[in-house]
Amino acid sequence: MSVWTIVVAAGSGERFGGPKQLMALGGRRVLDYALAAAAETSDGVVVVVPADADWDLGGAVRSVAGGATRSESVRCGLAAVPDECDVVVVHDAARPLADAALFRSVIDAVRAGADAAVPGRAIADTVKRVEGDVVVGTEPRESLVTVQTPQAFRASVLRAAHGAEPEGTDDAAVVEAIGGRVVVVGGPRDNLKITEPEDLARAEALIRERELRA
Ligand code: C5P
């Protein structure tokens, strides 16, 4: 089964205050971690970059310009994945702590028969629904998980799910919307998404810890 990974890196980093993908992290750029894990586990890699980007991505990856939303950027990437590909992984460049083992666990779940597989974590906090600053309900957290990337998909299912150009905050959501079977694999606690400037310092500390353990 051939596997391609789409690394989405075309966001403007509004909450971060600039393009976080190129920030220095542990002696590399944030983006380089996603590229390395993708290259180690996939037959090919497509990187989706901002339209005006002139980034050095090395020779081994295909790069395409993204769109106005994350879902549009994924569709731009999907158009550059070869037709004969069986499994497509979608990963946010903003998650540099996702390693090759995590990529393999979502890919294996799709190989084993799921339409899609996502890393998920149980919720430790109690979850409330609010209107403004007023609590209007409490969600049953036993049936809730928070999910991360990389997310793996049967390629035909992901293409079908994106056919009607839907919008979602992840790709599992668009697959769920067409009735696809999405399974959850264990998501690591440290697979953080760099959203705000202080997340970079946390990622740096986690990477240093990992290097010490290796
Ligand atoms: O906005 P959000 O934090 O959900 O973005 C997640 C990932 O999607 C980031 O890696 C970002 O670069 C990417 N993205 C994109 N195109 C957009 C918006 C976000 O590739 N238009």
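Structural data are supplied above this passage.
Note that the structure is a prediction, hence the values are computed from the model and not measured.

Asker: When you look at unusual backbone geometry in this model, what are you seeing that I'm missing?
Answerer: Among all residues except glycine, the phi angle is most often negative; among peptide bonds, the trans geometry is most common. For the bond running from T149 to P150, omega is 10 degrees, close enough to zero to count as cis. Positionally, P150 belongs in the loop between β10 (145-147) and β11 (151-154). Of note in the backbone geometry, E165 takes a positive phi value of approximately 55 degrees without being a glycine. Relative to the helices and strands, E165 is located in the loop between α4 (155-162) and α5 (171-177). Residue E165 is classed as exposed on the basis of its relative accessible area of 58%.

Asker: So what exactly am I meant to see when it comes to the layout of surface pockets here?
Answerer: Empty space among the atoms becomes visible once a probe the size of a water molecule is rolled across them. Of the voids in this model, the largest pocket is the one considered here, and its volume is about 1000 Å³. Surrounding the largest pocket, 41 residues form its lining, R15, K20, R70, D92 and K193 being those nearest its centre. Put simply, the parts of the chain that give the lining of the largest pocket at least two residues each are α2 (70-78), β10 and α6 (197-213). The greatest single-element share of the lining of the largest pocket, amounting to 3 residues, is contributed by α2. The class makeup of the residues in the lining of the largest pocket is 12 nonpolar, 16 polar and 13 charged. In this structure, the second largest pocket encloses a volume near 240 Å³.

Asker: Sorry, what's going on with a negative patch on the surface here?
Answerer: Taken together, the side chains of D43, D83, E84 and D86 make up a negatively charged region of the molecular surface. Assignment of secondary structure puts D86 in the loop between α2 and β6 (87-92).

Rules of the game
Residues numbered from 1 in each chain as written. Predicted model: local features only at pLDDT ≥ 70, side-chain atom pairs only at ≥ 80, totals over all residues. Heavy atoms only, no water. Helix = DSSP H or I, 4+ residues; strand = E, 2+ residues; numbered from the N terminus. Buried < 20%, exposed > 50% of the residue type's maximum accessible area, 1.4 Å probe, protein only. 1 Å grid on protein atoms, 1.4 Å probe; cavity = no way out; pocket = protein on both sides within 12 Å on 5 of 7 lines; lining within 4 Å. Points joined across faces, edges and corners; volume = space filled by probe spheres on them. Nonpolar A, V, L, I, M, F, W, Y, C, P; charged D, E, K, R; others polar. Patch = residues over 30% accessible without salt bridge, like charges linked within 9 Å, V, L, I, M, F, W, Y side chains within 5 Å. Areas by Shrake-Rupley, 256 points an atom, 1.4 Å probe, with all protein chains shown as cover. Salt bridge = Lys/Arg side-chain N within 4 Å of Asp/Glu carboxyl O. Lys, Arg positive; Asp, Glu negative; His and termini not counted. Charge placed at Lys NZ, Arg CZ, Asp CG, Glu CD.

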